[in-house]
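# Working through the structure, step by step
Now for the letters of each chain:
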Amino acid sequence: MNDPRQISAQTEKALDSNDIKIRARDVQVYYGDNHAIKDVDVDILDKTVTAFIGPSGCGKSTFLRCINRMNDTIDIARIEGEILLDGQDIYDPSIDPVQLRAKVGMVFQKPNPFPKSIYDNIAYGPRIHGLARNRAELDEIVEKSLRRGAIWDEVKDRLDAPGTSLSGGQQQRLCIARAVATEPEVLLMDEPCSALDPIATAQVEELIDELRARYSVVIVTHSMQQAARVSQRTAFFHLGNLVEYGLTSDIFTNPRDSRTESYITGRIG
Amino acid sequence: MLGTTFVVILALSAGWYFLLRRRAMAAAGPRLADLHSRPSYHGFYAALGSFLAGTAVLLVVGIGWGLWNDMQLQNQIGQALPESSAIERQLVLSDAKAVADGALPSRSGELRSAVAERHATLETARQWGTAALALAAALAFGLLAWRRSDRDFRARNRTERMVTIVLWATAAIAVLTTLGIVLSLIFETANFFSNIGWRIDKFLFGTTWSPLSGVQSGQMNPDKVGAVPLFAGTFLITLIAMIVAVPIGLMAAIYLADFASPRTRSVVKPMLEILAGIPTVVYGFFAAITVAPFIRQSGEALGISVASESALAAGVVMGIMIIPFISSLSDDVINAVPQSLRDGSYGLGATKAETIRQVVLPSALPGIVSAVLLGVSRAVGETMIVVMAAGQGANLTLNPLEAVTTVTVQIVMLITGDTEASTAAGPAFTLGFTLFCITLLMNIIALRIVRRYRELYD
Ligand SMILES: Nc1ncnc2c1ncn2[C@@H]1O[C@H](COP(=O)(O)OP(=O)(O)OP(=O)(O)O)[C@@H](O)[C@H]1O
Ligand SMILES: [Mg+2]
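Quick summary incoming for the structure in this document. From a predicted model like this one, the values you see are computed outputs, not experimental measurements. (Residues numbered from 1 in each chain as written. Chains lettered and ligands numbered in written order. Predicted model: local features only at pLDDT ≥ 70, side-chain atom pairs only at ≥ 80, totals over all residues. Heavy atoms only, no water.)

### Quick look at the overall build of chain B
Helix and strand counts for chain B stand at 15 helices and zero strands. Relative to the compact-globule value of 23 Å for 458 residues, chain B shows a C-alpha radius of gyration of 32 Å, a clear excess of over 25%. Referenced to the eigenvectors of the C-alpha coordinate spread, the extents of chain B come out at roughly 80 × 75 × 40 Å. Within chain B, buried positions represent 41% of all 458 residues. (Helix = DSSP H or I, 4+ residues; strand = E, 2+ residues; numbered from the N terminus. Rg over C-alpha atoms; globule rule 2.2 N^0.38 Å. Buried < 20%, exposed > 50% of the residue type's maximum accessible area, 1.4 Å probe, protein only.)

This is the structure we're talking about:
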């Protein structure tokens, strides 16, 4: 009964189509002539942590950026196929990417705090979307977000200091807190822990686990251990293809594809 | 003669280069790597050293010997004309030199021909002597290098030290020139102030500018050197120029950096920068011949009386001239704001407008401010447009439709006017010095801001 695969199999049965948060079909991404994402079909579930793994340059970040249309800002990027969020095609002309991104938040691979105070960094999103009615509510959101980003204790005495004055790892947690502050339904995290020490990493993983109760989280990671620890689903990308997608426990204990097996055992990538 | 010597020194050092390089290679023996310095460094050391030694001797001895000769000729003249004034003696000397060079003297006479003869002998000695000494120095340095050059000789370190000294010297020249200009400005300014009995307050706060009226003996009337109208004029025109240039330049920069496609940008940006390449004289007569009449006619149509030369015309055209400074610099700083910051903002669901207003512009603000300050410096120092389009009358007014004058215009008037240069120079230098202080202050502020901006992303 303690076999993780059996437990997962039981949860699997309980799923119905309502639990699919994002449905991607036949997605292609081109950067100019470079075909970076090829025929990707994937269903990302609600209230689940999904890990994207794969060797460097295989298109994990690219696919992640498709989900909140961040690739719109890259002139040479071209996207084909269909991505549905709650059944709505996000590339439909009637969809406003600004509203989409309010629902699908993102933490980037490199920390990018605004050159504003720590407080204003966090308050930025809530202010834009009018999440706080007054200063007290805003203060509350800022404190809650910083706590969830596991950085409150380090910055609570210097909320007026510029966000850029923090260390790299602190900046990354600030960016996580900033993304959480807008209460997105889906949080996309691109290697959020690559600049963090083990303690901060553990705190962020705790946060991810906590977010799972309400949101769908997609995390790109190069750490197999992290993928195994935090995610329920894992997608393995290789050279722009989605090679294998399934329960994390299956991918790590019983990969179906030989490329997945070589990657998780450290032979490619 | 001395020119030829210089060429010979050049050839000599080139020769030393090849000789020393050969020698170093020979000294190395079978393994070239045993040399402390590469053979070309041995060559460079000898070449650079002998060139510097020769040129330095050429300059120092050549000039010093010339001064010494002049002193001797002065003595000779002094003995012949013991009662004469310094200016008279100088006149005799320059006439004598003209005679010796075969040019036409202002007057001729026995004394002049005698001095000319003496000058010719002294000059020949100076030229041959200087040439010989310079060549000797260049040769001697090469020989020294030849004797020292062996396997362990640290030719590289010595060459590097020599190059450092040369670089230092060139930097020193730039700094000393600046210092010299500033000192002469200060000196002339002090001179002028002592001329008006140290009534600095009259200069700074007086409202009548007519410094040369009734000047006879170089003594000026402190009541007529009030520079306020000039600074008010400069201020007014600068203000108009910035009102034109800042919004247009800044918005053009935002368009170029965040909205234009790369194709548009690659066409529009160079076109804007062409504006900066138009000579200010052209802007000046554009202002005087096209813009000023247009403004006057428009004014008449509206029933407003407009002077034919107005601050408005000059200011508007100056603003157009400054647009590319502001747009180009601002575009650069806006572009320097990392894409990742914009992504961060978009990723939180911000619109393009929110991103530009709340993330991009604040990040670029220090750079934009310094671009604006550089634009202000340009406007304050600009002369040509104002000379042609704003008039010369020192009116104290803030009405942009009247003729005003600026600090720079008055400097031009003073220096190119009929009054003797030594009299007019005083107020002109003082105005120049004040202007210099203002622009210096602004440039310092701009540089400060730029420096702080650089630290932001490090
Ligand atoms: N802005 C861009 N312009 C052009 N090509 C790009 C761009 N971003 C990514 N690519 C290309 O797309 C491919 C996938 O890149 P992507 O960043 O998605 O890889 P990744 O899996 O995230 O790698 P890593 O693990 O190193 O972050 C690469 O071949 C890359 O060269
Ligand atoms: Mg990536």
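Let's pick the thread back up.
### Description of the nonpolar core
By size, the foremost hydrophobic cluster in this structure holds 73 residues, and its most contacted members are Trp209(B), Ile237(B), Met318(B), Ile322(B), Ile334(B), Ile385(B) and Leu431(B). Taken domain by domain, the makeup of this core includes at least three residues from each of domain 2 (196-222) and domain 3 (227-453) of chain B. When near neighbours in sequence (up to four residues on either side) are disregarded, Trp209(B) contacts Phe203(B), Lys224(B), Val225(B), Gly226(B), Ala227(B), Leu230(B), Ala394(B), Gln410(B), Leu414(B), Pro427(B) and Leu431(B). Grouped together as the second largest cluster of nonpolar side chains are 30 residues, Ala24(A), Val40(A), Leu85(A) and Val104(A) included. (Core = buried A, V, L, I, M, F, W, Y, C linked by side-chain atoms within 4.5 Å. Domains from an automatic or database assignment. Contact = heavy atoms within 4.5 Å.)

### A closer look at the coordination of the magnesium ion (ligand 2)
Looking at the metal site, the magnesium ion (ligand 2) is ligated by Ser61(A) (OG) and Gln109(A) (OE1), spaced 1.9 to 2.5 Å from it. In this pair, Ser61(A) is assigned in helix H2 (residues 60-67) and Gln109(A) in the loop between strand S6 (104-107) and helix H4 (118-128), connecting sequence segments 48 residues apart. (Donors = N, O, S within 2.8 Å, 3.2 Å for Na, K, Ca; no water.)

### Some words on the pattern of salt bridges
One pass over the structure, following the stated rule, counts 32 salt bridges over all chains. Salt-bridge contacts for Glu143(A) lead to Arg147(A); the nearest nitrogen and oxygen are separated by 2.6 Å. With Glu143(A) and Arg147(A) both in helix H5 (residues 135-148) and four residues apart, this pair spans about one turn of that helix. Of the residues examined, Arg147(A) reaches a relative accessible area of 47% and is grouped as partly exposed. Taking the shortest distance from any N to any O, the salt bridge between Arg126(B) and Glu123(B) comes out at 2.9 Å. Of this pair, Arg126(B) and Glu123(B) both sit in helix H4 (residues 110-148), three residues apart, which is roughly one turn of that helix. Three or more residues joined by partner-sharing salt bridges are found here, namely Lys144(A), Arg148(A), Glu183(A), Glu210(A) and Arg214(A). (Salt bridge = Lys/Arg side-chain N within 4 Å of Asp/Glu carboxyl O.)

### Notes on the packing of H5(A) against helix H7 (residues 168-181) of chain A
All names here are of chain A. The contact between H5 and H7 brings their axes to 8 Å, and the two run at 130°. Between H5 and H7, the angle is such that the two are oblique. Both H5 and H7 take part in a crossing whose hand is right-handed. For the pair H5 and H7, the contacting residues are Ile 141, Ser 145, Leu 146 and Arg 148 in the first and Leu 174, Ala 177, Val 180 and Ala 181 in the second. In terms of residue class, the contact of H5 with H7 is built from six nonpolar, one polar and one charged. (Axes fitted to C-alpha atoms, helices over the stretch in contact; angles between N-to-C directions. Parallel < 35°, antiparallel > 145°, perpendicular 65-115°, else oblique. Left-handed = near helix turned anticlockwise from the far one by under 90°. Nonpolar A, V, L, I, M, F, W, Y, C, P; charged D, E, K, R; others polar.)

### With respect to a nonpolar patch on the surface
The grouping of Ile274(B), Ile278(B), Val281(B), Val282(B), Phe285(B), Phe286(B), Ile289(B) and Met384(B) at the surface amounts to a nonpolar patch, some 660 Å² of accessible area in total. With respect to the secondary-structure elements, Phe285(B) resides in helix H9 (residues 280-301). (Patch = residues over 30% accessible without salt bridge, like charges linked within 9 Å, V, L, I, M, F, W, Y side chains within 5 Å. Areas by Shrake-Rupley, 256 points an atom, 1.4 Å probe, with all protein chains shown as cover.)

### Topic: the interface of chain B and chain A
Across the contact, 20 residues belong to chain B and 23 residues belong to chain A. Roughly 1,700 Å² is buried in total at the junction of chain B and chain A, and carbon and sulfur atoms are behind 63% of that figure. At the boundary of chain B with chain A, the tally comes to one salt bridge. Residue Arg65(A) is joined to Asp343(B) by a salt bridge in which the shortest nitrogen-to-oxygen separation is 3.9 Å. In this assembly, chain B and chain A are joined by four residue pairs in polar contact (both at pLDDT 80 or more). Of all elements in the fold, only helix H11 (339-347) and helix H12 (352-381) of chain B reach the threshold of two or more residues within the side of chain B that touches chain A. When residues in the side of chain B that touches chain A are grouped by element, the largest group, eight residues, is from H11(B). Taken together, the residues of the side of chain B that touches chain A break down into eight nonpolar, 10 polar and two charged. (Buried area = accessible area lost by both parts, 1.4 Å probe. Polar contact = N/O pair within 3.5 Å; in protein donor to acceptor, adjacent residues only side chain to side chain.)

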